[in-house]
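# Breakdown of the fold
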Amino acid sequence: MITVNINGKEIKLEKAVTVLEAARSAGIKIPTLCWHEQLEKYGGCRLCLVEVEKMPRLQTACTLMVTDGMAVRTETEAIADVRRGILEFLLINHPLDCPYCDKAGECELQDLVEKYGPTTGRFKEKKRRVTENLQDPVIVRNMERCVMCTRCVRMCEGVQGASAIGVIDRGGHSHIEPFSGNRYNCEYCGNCVSVCPVGAIMSRLHRHSYRPWQVKENIETVCPYCAVGCTVIAQVRDDVIKRVVPRIGSPVNNGMLCSRGRFGYEFVGDPERLTSPMVRKNGVLEETTWEEAIGLVAKKLAEIKDRNGGDAIAGIASPRCTNEDNYVFQKFMRAVIGTNNIDSTARMGYAGAQAFIENIFGQGATGNIISGLSNSDTVLVAGGDPTTINPILGLQIRACSRKGGNVLTIGHVRGLRNFSPVELTPGGGRETALLERIVSELVSRKGLPGSNTILESRIKTVVDAAGAGKADVSEKDYPDFIGKLTASGTPAVVIGKDLLQSAGSGYKLFLLCAINYLINGRLYLLSDHANEQGMLDMGCAPDLLPGYRPVGYAEFRKRYENAWKTKISERPGLNIFEMIEAAGKGDLKAMYVMGENTVFNLPDGANVEASMRKLEFLVVQDLFLTETARLADVVLPALGWGEKDGTFTNMERRIQRVRKTVNRAGMEDWRIIAEISKNMSFGMNYAGSEAVFEEITKISPLHRDLTYDEIAAGNVIYPYKGEPLRGAVGEIPLNKPETASDGKITLGIDRVLFHSGTLSRKSPALVKMYSESVARMDPGTAGALSLKDGDMVRISSKSHSIELRLSVDGEVEPSVVLVPNIFEGKGALSLAGNILDPVLKAPAVCATEVTVESVGKVSS
């Protein structure tokens, strides 16, 4: 125990900290401009100078460590004089434009000058003049206001790891500037904006639109984009979200955000939002009343159910809707419609992969704490770039490298290239052979642990056959890679969707599970949807009830039947791909799509659209008139993120509160479904989202006895208080893919950092960061096709073709063309085939063969 006296107050500490931190723990404020709790100690601004007994000079509190018996004074006349002098120096060049500056009211310099002075300045020299830079569409820089604390530079380099900005020039000419010049060429996380103590770096989204003291509400909620589930604070004025900021200290993101989380909120107020229900009359969608729309949906679904049976109807749930929405939706399909035909786009990889992993390692195997990655000694990444799919998780891998950990990647991972990765890049789709070789090598070096006999029997078959294929990897990298993997003590394995959507994905996932088993690691399954995990937890799957109870077991069904007071079909329903096939054949008569754009987000969109057009009745419930909604017979406008209360479950399986921030006319997804249910003579009477969640806790064994108050505290982590389904390891299916053929160009999904589906299309700031879909190809492949950077190219598959501008990029794998799935009419999935992996039942999108040809030079 360390005892220190600060301003006469005795403070006891468990461990040595800085004087500044010790004072803060006791509620004593020491002024500073360069210090920030997310950054390393710096000691640059000197405003935190304090007197320490028996030390002849003033000391910087932000760098001086406390010792037992130390006596410190933070406020004396001598200290005040020094601080006043430092502030006077800062004000030599700092403009006195507080009434105009957007930072006024939360400017740290303004607060310090108000407290310490000076009241007048003695320097008569002219102030430095730097033109305000408005060349960037999202971030504005005013270097006249900069106090050279370097917080932004240290945040960008030392925490974010982007190293996109730096201090340019020397002395009085020093200023902060992006290395790219006028416009930023960075990750647009905006974390430099968060830490700037003055108005030097600010967001343009709310420029001159309000003052900080005019914010009426600061509402804590969860980001609506990826599955990390970052805590954000929505600042609201006049029922408009003016700004979204992170909360320092939150267990998931601790004050960090990515571009989507910070700048992607504008879709909430988009003028193209649906506000009234629409019904198709004479082939045209027309606005109507809620009463007519709900009545028509109830009438048509009841008619089809009575005539063709409940299994002639299917429902598609949404990973962007809350747990409450998804629970009520699956209850409606099972209890009211009488079918288990409910699924989602989680079938694109996440659902099958999680089920496969949990069959081997047990339920909850992928629910690992994100921040634990930074404390791993080795992180193995396969199947995508975590810094673009789940950016805050990616930062933890970067932090692992900065702490001396090893980063190992299979394939090139652009976001980790500056963090000393040991990279293996198997050529020509020979990923399977490489993974087999790694498994065989690990068994040879470490042996089999002996704790999972079924898994080990499968591993032995791999080892026995491993000599057949040789992976094309650099020999100088492989020994280092396997050596570090073998020696790892606290390893983690991160798996992305690129692997889950490749040919032979089930077999590759097995090999990664085998590697994880042999090194005793933790698994992380990347997900680009905010509530993909929660949606599955709620039972939005054709074979699972809420809490992961199999629908085929009568003893499990009885619990739900008693609660819902109705029988539940024992037959597993159709998955999402089977639904589309059944619709195309005419076997499926109606479909209810909640919050999903199936035409755009499933492979072979033309086939999906053609199949859905054959439905007798289609209901789409969404925020916008999407490609799918335009096909509907009834379109129901729902309230979205920021407009309703509920919960999300992130990839750690942490349940978090989603809160209403603005008021909008309309109904939540669950309320719309409840109203339709009432019109079909099945009562669903919920006072609000909390009442829905209370029912979930009574019916789902996994969520037993949880409350909104507990969730709000932020520590509701799997397995909660519930009963995870325990069971022995089942049979592990293996289906080894054929060796990939060389010389053919295949499609890859370019997962762009700044976008995530339909929502980001409607966020102007994100569109400014990435406004046009671009195809990327490596120089060798482009040269062989006589293509140049900037050419317009036509990319064609068996199902479709699109035209995009070509970017020749040396970081792309040979014989692959990367295409994003963002903008309407230009989506990569429209090109993809629908061949499903026999194990995961996920489409082999990245095995789609395409041709690429020039259609001319793009006009400038």
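Residues numbered from 1 in each chain as written. Predicted model: local features only at pLDDT ≥ 70, side-chain atom pairs only at ≥ 80, totals over all residues. Heavy atoms only, no water.

Once that is clear, we can look at the pairing of strand E13 (residues 278-281). Two elements, E13 and strand E14 (residues 284-287), share four bridges in a ladder whose sense is antiparallel. Counted as the bridge partner of Val279 is Glu286 from E14. Hairpin connection, E13 to E14: the antiparallel pair is bridged by two residues, and Asn282 has positive phi, about 55°. (Pairing = 2+ DSSP bridges. Helix = DSSP H or I, 4+ residues; strand = E, 2+ residues; numbered from the N terminus.)

Before going further, it helps to examine the domain arrangement of the protein chain. The domain boundaries assigned to the protein chain delineate domain 1 (2-75), domain 2 (101-112 + 123-266), domain 3 (285-344 + 540-645 + 663-690), domain 4 (350-525) and domain 5 (745-857). Here domain 3 and domain 5 have C-alpha centroids that lie 31 Å from each other. With both chains or domains summed, domain 3 and domain 5 bury close to 1400 Å², and 59% of this area falls on carbon and sulfur atoms. The salt bridge involving Glu824 is made with Arg630; its shortest N-O contact spans 2.2 Å. The interface formed by domain 3 and domain 5 holds six residue pairs in polar contact (both at pLDDT 80 or more) in total. Broken down by class, the residue content of the side of domain 3 that touches domain 5 amounts to six nonpolar, four polar and four charged. (Domains from an automatic or database assignment. Buried area = accessible area lost by both parts, 1.4 Å probe. Salt bridge = Lys/Arg side-chain N within 4 Å of Asp/Glu carboxyl O. Polar contact = N/O pair within 3.5 Å; in protein donor to acceptor, adjacent residues only side chain to side chain. Nonpolar A, V, L, I, M, F, W, Y, C, P; charged D, E, K, R; others polar.)

Glancing now at the sheet that holds strand E20 (residues 491-495). Taken in spatial order, the five strands line up as E19-E18-E17-E20-E21 in an open sheet, and their pairing is parallel. Both edges of this open sheet fall to strand E19 (422-424) and strand E21 (522-525), since each of them pairs with a single strand only. Taking each pair of neighbouring strands and ignoring which way they run, the sheet shows an average axis angle of 15°. Pairing of strand E18 (residues 406-410) with E19, which is carried by three bridges, proceeds in the parallel orientation. Bridge pairing in E19 links Ile410 to Leu424. (Axes fitted to C-alpha atoms, helices over the stretch in contact; angles between N-to-C directions.)

We now examine the environment of Ala847. Relative to the helices and strands, Ala847 resides in the loop between strand E33 (816-819) and strand E34 (851-857). Residue Ala847 is classed as partly exposed on the basis of its relative accessible area, which comes to 32%. For Ala847 and Gly833, which are 14 residues apart along the polypeptide, the C-alpha to C-alpha distance reads 8.2 Å. Not counting chain neighbours up to four residues away, the residues in contact with Ala847 comprise Gln501, Ala503 and Thr746. (Buried < 20%, exposed > 50% of the residue type's maximum accessible area, 1.4 Å probe, protein only. Contact = heavy atoms within 4.5 Å.)

Turning our eyes to something else, we now look at the nonpolar core. Within the largest apolar cluster, 109 residues are counted, with the highest numbers of intra-cluster contacts made by Leu301, Phe332, Ile438, Ile515, Tyr592 and Ile676. It is helix H16 (residues 505-519) that contributes the most residues to this core, 11 residues altogether. Those residues within four positions of Ile676 in sequence are excluded, and the remaining contacts are Ile294, Val297, Ala298, Phe332, Tyr592 and Leu636. Core analysis: the second largest hydrophobic core is formed by 93 residues, Val147, Cys149, Leu393 and Tyr770 among them. (Core = buried A, V, L, I, M, F, W, Y, C linked by side-chain atoms within 4.5 Å.)

It is worth spelling out the pairing of strand E32 (residues 801-808) at this point. Sheet topology places strand E30 (residues 774-777) next to E32; four bridges connect them, and they run parallel. Each bridged residue has a counterpart across the sheet, and for Val774 the counterpart in E32 is Arg805. With five bridges joining them, strand E31 (residues 791-796) and E32 adopt antiparallel strand pairing. Note that in E32 the partner of Ile795 across the bridge is Ile802. Here E31 hands over to E32 after four residues, the two strands then running antiparallel side by side.

Let us look at the packing of helix H18 (residues 554-564) against helix H23 (residues 689-699). Each pair of packed helices can be described by the angle between their axes along with the distance between the axes. Relative to each other, H18 and H23 sit at 145°, their axes nearing to 10 Å. The handedness of the crossing between H18 and H23 is right-handed. Contacts between H18 and H23 involve Arg559, Tyr560, Ala563 and Trp564 on the former and, on the latter, Glu695, Lys698 and Ile699. For the contact of H18 with H23, the per-class residue count stands at four nonpolar, no polar and three charged. (Left-handed = near helix turned anticlockwise from the far one by under 90°.)

With that settled, consider the environment of Ser194. Relative to the assigned elements, Ser194 resides in helix H5 (residues 191-195). Ser194 sits in the partly exposed class, given a relative accessible area of 30%. With near-sequence residues (within four places) excluded, Ser194 lies in contact with Pro246 and Arg262.

Pairing in this open sheet of five strands is mixed, and the strands run E2-E1-E5-E3-E4 from one edge to the other. Here the strands that pair on one side only, and so sit at the sheet edges, are strand E2 (9-13) and strand E4 (59-60). Two elements, strand E1 (residues 2-6) and E2, share five bridges in a ladder whose sense is antiparallel. Paired with Ile2 across the strands is Leu13, a residue of E2.

On to the pattern of salt bridges, then. A full pass over the atoms with the stated rule returns 55 salt bridges. Here Arg653 makes a salt bridge to Glu358, at a shortest N to O gap of 2.9 Å. Taken together, the positions of Arg653 in the loop between strand E27 (646-649) and strand E28 (655-658) and Glu358 in helix H9 (residues 350-361) put the pair 295 residues apart, joining distant regions of the chain. Both residues of the pair, Arg653 and Glu358, belong to the buried class.

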